[in-house]
Amino acid sequence: DRVRAELYRRLKAKNLLVVSGHYFFYGLADQSWPHIHQCLRLTYSQPEPVVREGIQIIAREIASL
């Protein structure tokens, strides 16, 4: 949880907002499945260059953690 919170803070500081993926597993019978807490929800409805830049920012921040 600490690492996810730090990643969120770092991305937000770079004007890149993400949503924790756990919100999208609502109603799943097995809430202990680790994958629920390992995902980020990304929107890719922006122009391709914007999406590419966002993914590069995420990659750099994850690598630096």
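S.K.: Hey, could you go over unusual backbone geometry for me, with residue numbers and the actual values?
M.R.: Of note in this structure, N15 is not a glycine but carries a positive phi near 60 degrees. By the secondary structure assignment, N15 is in the loop between α1 (2–13) and β1 (19–20).

S.K.: Tell me about helix α2 (residues 48–64), and please be specific about residues and values.
M.R.: An ideal rise of 1.5 Å per residue puts 24 Å on 17 residues; α2 measures up with 24 Å between its terminal C-alpha atoms. Among the residues making up α2, those that are buried are V51, G54, I57, I58 and E61. When α2 is viewed along its axis, its buried side chains cluster within an angular range of 125 degrees and face the same direction. Away from the buried face of α2 by more than 90 degrees, exposed residues P49, R52, R60 and A63 are located. Those residues of α2 that are buried lie in contact with α1.

S.K.: Lay out a nonpolar patch on the surface in plain terms, naming residues and giving numbers.
M.R.: Taken together, the side chains of V19, Y23 and F24 present a nonpolar region at the surface, about 320 Å² in accessible area. Residue position: V19 is located in strand β1.

S.K.: Please provide a residue-by-residue account of the packing of aromatic side chains, values included.
M.R.: Across all of its chains, the model carries one aromatic pair by this definition. Between F25 and W33 the ring centres are 5.7 Å apart and the planes differ by 85 degrees, which places this aromatic pair in the edge-to-face class. W33 sits in the partly exposed class, given a relative accessible area of 38%.

S.K.: Report on the environment of R9, specifying residues and quantitative values.
M.R.: Mapped onto the secondary structure, R9 falls in helix α1. Taking the C-alpha atoms as reference, R9 lies 25 Å from Q31; in sequence the two are 22 residues apart.

S.K.: Please give an account of α1 that cites residues and values.
M.R.: For α1, which comprises twelve residues, the first-to-last C-alpha distance of 17 Å matches the rise-based estimate of 16 Å (1.5 Å per residue) to within 8%. Trailing α1 by a residue or two, N15 shows a phi angle of about 60 degrees, which is positive.

Calculation rules
- Residues numbered from 1 in each chain as written.
- Predicted model: local features only at pLDDT ≥ 70, side-chain atom pairs only at ≥ 80, totals over all residues.
- Heavy atoms only, no water.
- Helix = DSSP H or I, 4+ residues; strand = E, 2+ residues; numbered from the N terminus.
- Expected span 1.5 Å × (residues − 1).
- Buried < 20%, exposed > 50% of the residue type's maximum accessible area, 1.4 Å probe, protein only.
- Arc of directions from axis to C-beta.
- Contact = heavy atoms within 4.5 Å.
- Patch = residues over 30% accessible without salt bridge, like charges linked within 9 Å, V, L, I, M, F, W, Y side chains within 5 Å.
- Areas by Shrake-Rupley, 256 points an atom, 1.4 Å probe, with all protein chains shown as cover.
- Salt bridge = Lys/Arg side-chain N within 4 Å of Asp/Glu carboxyl O.
- Phe/Tyr/Trp six-rings, centres within 6.5 Å; stacked < 30°, edge-to-face > 60°.

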